[in-house]
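# Results of the structural survey
So the chains spell out like this:
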Amino acid sequence: MEFKFLQSLLTDGSTLQTPLIIAGPCSAESRDQVLSTAKELRAAGVSIFRAGVWKPRTRPGCFEGIGEAALPWLQEAKRLTGMAIATEVANATHLQLAAKAGVDILWIGARTVANPFTVQEIADAWNELPDELKNNISFLIKNPVNADLELWIGAFERLYKAGIRRLGAVHRGFSSYGATAYRNPPEWRIPIEFHRRHPEIPLICDPSHISGRRENVAKIARQSMNLNFDGLMIEVHNNPECALSDAEQQITPAQLIDLIHTLSKPVNCGSSDTELQNLRNEIDILDDKLIEILAKRMEVSRAIGSLKKLNGIPVIQNERYKKLVTDRAELASDAGLNPAFIKKILSVIHEESVKLQLDPQ
Ligand code: PEP
Ligand code: MN
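Remember, predicted model here, so these are calculated numbers, not experimental data. (Residues numbered from 1 in each chain as written. Chains lettered and ligands numbered in written order. Predicted model: local features only at pLDDT ≥ 70, side-chain atom pairs only at ≥ 80, totals over all residues. Heavy atoms only, no water.)

As a further point, take the overall build of the protein. On a plain count of helices and strands, the protein comes out with 14 helices and eight strands. Projecting the C-alpha coordinates of the protein onto the three principal axes gives extents of approximately 75 × 55 × 40 Å. For the protein, buried positions account for 47% of its 361 residues. Long-range pairs, those at least 24 residues apart, make up 73% of the contacts in the protein with a sequence separation of at least 6. Total accessible area computed for the protein in this model is approximately 18,000 Å², and 54% of it derives from carbon and sulfur atoms. Computed over 42 positive and 44 negative side-chain charges, the inter-centroid distance for the protein is 3 Å. (Helix = DSSP H or I, 4+ residues; strand = E, 2+ residues; numbered from the N terminus. Buried < 20%, exposed > 50% of the residue type's maximum accessible area, 1.4 Å probe, protein only. Contact = heavy atoms within 4.5 Å. Areas by Shrake-Rupley, 256 points an atom, 1.4 Å probe, with all protein chains shown as cover. Lys, Arg positive; Asp, Glu negative; His and termini not counted. Charge placed at Lys NZ, Arg CZ, Asp CG, Glu CD.)

The next thing to look at is the side chain of His94. One can find His94 in helix H3 (residues 92-100). On the accessibility criterion, His94 (11% relative accessible area) is buried. In terms of polar contacts, His94 uses its side chain to reach the backbone amide nitrogen of Ala90, at 2.9 Å. In this view, His94 contacts Trp54 and Val89; residues no more than four positions away in its chain are not counted. (Polar contact = N/O pair within 3.5 Å; in protein donor to acceptor, adjacent residues only side chain to side chain.)

Once that is clear, we can look at the coordination of the manganese ion (ligand 2). Taken together, the protein ligands of the manganese ion (ligand 2) are Cys26 (SG), His209 (NE2), Glu235 (OE) and Asp246 (OD), with distances of 2.1 to 2.4 Å. Spacing between the donor residues of the manganese ion (ligand 2) along their common chain follows C-x182-H-x25-E-x10-D. Of the two residues, Cys26 sits in the loop between strand E1 (20-24) and helix H1 (31-43) while His209 sits in helix H9 (residues 207-211), which places them 183 residues apart along the sequence. A single burial state applies to Cys26 and to His209, both of which are buried. (Donors = N, O, S within 2.8 Å, 3.2 Å for Na, K, Ca; no water.)

Looking at ligand 1, the residues that line it are Cys26, Arg50, Lys55, Glu88, Trp107, Gly109, Ala110, Arg111, Lys142, Arg172, His209 and Glu235. Take Arg172: an N or O atom from its side chain is 2.6 Å from an oxygen atom of ligand 1. Take His209: an N or O atom from its side chain is 3.4 Å from an oxygen atom of ligand 1. Contact with the protein chains removes 97% of the 300 Å² of surface that ligand 1 exposes when unbound. (Near = heavy atom within 4 Å.)

Below, the discussion takes up the packing of helix H13 (residues 318-334) against helix H14 (residues 339-358). The geometry of H13 relative to H14 is characterised by a closest axis approach of 9 Å and an angle of 140° between their N-to-C directions. Considering the angle they form, H13 stands oblique to H14. Considering how the two elements wind past one another, H13 and H14 form a crossing that is right-handed. Mapping the contact onto sequence places Tyr321, Leu324, Val325, Arg328, Ala329, Ala332 and Ser333 in H13 and Pro339, Ile342, Lys343, Leu346, Ser347 and His350 in H14. Of the residues belonging to the contact of H13 with H14, the class tally is eight nonpolar, three polar and two charged. (Axes fitted to C-alpha atoms, helices over the stretch in contact; angles between N-to-C directions. Parallel < 35°, antiparallel > 145°, perpendicular 65-115°, else oblique. Left-handed = near helix turned anticlockwise from the far one by under 90°. Nonpolar A, V, L, I, M, F, W, Y, C, P; charged D, E, K, R; others polar.)

Attention shifts here to helix H2 (residues 71-81). The set of residues buried in H2 consists of Leu71, Trp73, Leu74, Glu76, Ala77 and Thr81. Tucked into the core, H2 has its buried residues touching H1, strand E3 (84-88) and H3. The positive-phi residue at the C-terminal boundary of H2 is Gly82, with phi of around 80°.

The next subject is the sheet that holds E3. Spatial ordering of the closed barrel is given by E1-E2-E3-E4-E5-E6-E7-E8, a layout of eight strands whose pairing is parallel. Direction aside, the axes of adjacent strands within the sheet are offset by 25° on average. Bridge analysis of E1 against strand E2 (residues 48-50) gives two bridges, and the strand direction is parallel. By the bridge assignment for E2, Ile22 is matched with Ile48. This element, helix H10 (residues 214-226), spans strand E7 (203-205) and strand E8 (231-235) of the sheet and lies at about 165° to E8. (Pairing = 2+ DSSP bridges.)

Okay, the pairing of E8 next. Burial within E8 is extensive, with five of its five residues counted as buried. Alternating residues of E8 divide into Gly231, Met233 and Glu235 and Leu232 and Ile234, and every residue in both groups is buried. Relative to E8, E1 runs parallel, the two sharing five bridges. Residue Leu20 lies in a different strand from E8, and its bridge partner there is Gly231. Strand direction decides the pairing type here: E7 and E8, joined by two bridges, are parallel. Bridge pairing in E8 places Cys205 opposite Leu232.

At a minimum axis distance of 9 Å, the contact between H1 and H2 shows a crossing angle of 30°. One element, H1, and the other, H2, form an angle in the roughly parallel class. Crossing of H1 against H2: the hand is right-handed. Counting all contacts with H1, which are made through Arg31, Val34, Leu35, Ala38, Lys39 and Arg42, the residues of H2 involved are Trp73, Leu74, Glu76, Ala77, Leu80 and Thr81. In terms of residue class, the contact of H1 with H2 is built from seven nonpolar, one polar and four charged.

Here it is as structure tokens:
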């Protein structure tokens, strides 16, 4: 597949930032909020303004976006600041309304990408647009909520077959069951494989939906830059605590400026520094993974504790523990690890599990 790069859509001829930054609130909430955030972002050097107009929410009763009535606010932001504007479309009607309103970038959200019928409906609706609207629109396709690379690539194929060439990918993490360190764990191997298979598609990271908490947005953004992503889509709100959707993960325009500075710092001078930095990034990612796995293990352990209590089974079963340690030590040795090291780790984990099962809270 051959794509035109997203960069071509910068409307005002401004020089491209490296990386490409798309920023703006999760949802357009009011004219004031849209315009004031857009102006601050423009002053910060951002060239693409995002704001959700139709919001797919997991549970009914949450703020589902202003809808069509918010489109004139986005148009005004574009007129006043010169920024390109981006919003989410989840069906043919959204696409037609957004296209008519002059929205430059339409993104297909994670929930929609998981449904091939809807992706096809959007691709077909694009085909029905008049040429002058068609040619000005770019699409971003977020990864589906589930960790399915083929489904993600399939969405690109559907749009490509319909004739759409201005395409980019957004990695926003994958949903998972149970407690994890992130709202949508990044599972970096999936976007890495995506890039390996389609290096021609610009790949943008959305650290906001991955982390789910503003404290972690910068860290994930830096990790993605170190993995050579082309850009970032970051949720920015002028008053994040009061945001009507995704309040916990949005940052202020000032925080975005700080974040951008940490990205553009010259990190390394020599090639050994670069190598060291890359290896450290890999370690950071693996440590995150370890923590996630440990959290999941403890959760299961707690569930076992409740079951034992219910059935009057004692917390400690020496035979089971001994077998577990022997089996794992063998596995570790096969994997080239020192069995004594694994025994030590298992003993600490076991101690913590027992503590949890005795006092599950
Ligand atoms: C969003 O960008 O606000 C959004 C709803 O994203 P996602 O589809 O990744 O959940
Ligand atoms: Mn959001």
